[in-house]
Amino acid sequence: MSIAKAGLGTTLSDEKLAELKATAAAMSAPGKGFLASDESAGPWLRAGHVEAAKIPDTAENRAAYRSMLYSTPGLGEYISGVILHWETLFQTDADGNKMVDLITKNGMIPGIKVDKGYDKAGLLGTKTGPLGHPETWCKGMDDLDKRCAEAYAQGARFAKWRNVLQIDPDQGIPSDLAITECVHSLARYASTCQKNGLVPIVEPEIVPNGSHDIYVCAAVTEKVLVKQFEALKLHNVYLEGAVLKPNMVKNGLKAPTEPPEVVAALTLATLKRTVPAAMPGIFFLSGETKLDEDNEETATLNLNAMNKEPNPWHVSFSYGKALQKTCIVTWMGKAENKEKAQAMLLARCKANSEATKGTYVPGSCPSIGSKGNIEMQGGAY
């Protein structure tokens, strides 16, 4: 047994473990986070903004927008990894440049979303939660090994799989069945990724839909993460070569909003009780916010509050629309707006980089704010 494996029952070689550890360390570099760019449709449809939703969702527009993001000068100073949709992994820009090449040339690591979403018919016998459907299971396991190998060959070095859990205390949601399905799916995915040289992002997301208070979210999140790391151990996942993407501990969307200091305190307390120090990085999803809130600024402030004191891990961001909304509304599908849109993206990425150090000054980053907010299209997935 090698030092790297220690008591881990894995058949992966020391060389493979070293590669995974090096990639995870690069992903968790100080001051850096992830750009979640893995929307199945145009990101403007999920931006939750009335103007953004008007941009035509075509392959050409998606390629133009994403190439604009990835080629933003200086983006690699704040972004370590870019999560891609399968389409984007094989896509080129208008000049024939591969998207993965734009990313690597800008000092970032390409990654790939490998789950295939969920069926709203859900798990048999489970109750309907605040999303309006039963508890779910995620698709994509049957050909995952093959797709991971293809993604690695295409240049991806990490992957993402997202499972969704709901909260409704009166209905007993999340059920033990849903939690078990969630954590074991993520553990199977993680071990398959590592076999193929991809660092897995483990994402057991508990959505904020509902009227529960923040303490209910804290209890559920702690329960899920305890089970998640039990499952990762059972499946012999190498924690040093993986990262976690959890929800922040927050109130339900129909409950009173708690300030960043309370969100941070309860989130960190939950993580310190559940996440081993062997895991190099924790990258938060921003989560839904109320329509009268500025989701970009809120996500930055929550992260900033979490980094006022040192943490056992690199505590950072893996944001989608919380990095892109102002950028999208500035761009609006027009080539002449490219540089202004890139400036907005870079500003928000810099703001979140500062937040990983606890030094962000509230309100110092330009934002479209809450004006024009609408329900995002596509729901929680």
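Residues numbered from 1 in each chain as written. Predicted model: local features only at pLDDT ≥ 70, side-chain atom pairs only at ≥ 80, totals over all residues. Heavy atoms only, no water.

The protein chain is annotated in an unreviewed UniProt entry as fructose-bisphosphate aldolase of Prymnesium parvum. Listed in UniProt under the heading Sequence similarities (unreviewed entry), the comment for the protein chain reads: "Belongs to the class I fructose-bisphosphate aldolase family." (UniProt positions renumbered as here; feature names shortened; annotations may be inferred.)

Student: In this structure, what is going on with the overall build of the protein chain? I would like to understand it.
Tutor: Secondary structure assignment for the protein chain yields eleven helices and eight strands. Taking 21 Å as the expected radius of gyration for a compact globule of 381 residues, we find that the protein chain reaches 19 Å, a close match to that expectation. Considering only C-alpha atoms, the protein chain reaches an extent of 55 × 50 × 45 Å along its principal axes. For the protein chain, the residues scored as buried account for 58% of the 381 residues in total. In the protein chain, 79% of the contacts between residues at least 6 apart in sequence involve partners at least 24 apart. (Helix = DSSP H or I, 4+ residues; strand = E, 2+ residues; numbered from the N terminus. Rg over C-alpha atoms; globule rule 2.2 N^0.38 Å. Buried < 20%, exposed > 50% of the residue type's maximum accessible area, 1.4 Å probe, protein only. Contact = heavy atoms within 4.5 Å.)

Student: Mind showing me how you'd approach the packing of aromatic side chains here?
Tutor: Each aromatic ring pair is characterised by the separation of its centres together with the angle its planes make. In this structure the tally under the stated criterion is six aromatic pairs. Seen from their ring centres, Phe34 and Phe283 are 3.9 Å apart, and the 15 degrees between their planes marks the pair as stacked. Taken together, the positions of Phe34 in strand E1 (residues 33–37) and Phe283 in strand E7 (residues 281–284) put the pair 249 residues apart, joining distant regions of the chain. Per residue, the accessibility class of Phe34 equals that of Phe283, and both read buried. (Phe/Tyr/Trp six-rings, centres within 6.5 Å; stacked < 30°, edge-to-face > 60°.)

Student: I tried to follow the packing of helix H9 (residues 295–306) against helix H11 (residues 338–355) on my own but got confused; where do I start?
Tutor: Angle between the axes and distance between the axes are the two parameters that describe a pair of packed helices. Relative to each other, H9 and H11 sit at 20 degrees, their axes nearing to 8 Å. By the angle class used here, H9 and H11 are roughly parallel. The hand of the H9/H11 crossing is right-handed. Across the interface between the two elements, Glu296, Glu297, Ala299, Thr300, Leu303 and Asn304 of H9 pack against Arg348, Ala351, Asn352, Glu354 and Ala355 of H11. For the contact of H9 with H11, the per-class residue count stands at four nonpolar, three polar and four charged. (Axes fitted to C-alpha atoms, helices over the stretch in contact; angles between N-to-C directions. Parallel < 35°, antiparallel > 145°, perpendicular 65-115°, else oblique. Left-handed = near helix turned anticlockwise from the far one by under 90°. Nonpolar A, V, L, I, M, F, W, Y, C, P; charged D, E, K, R; others polar.)

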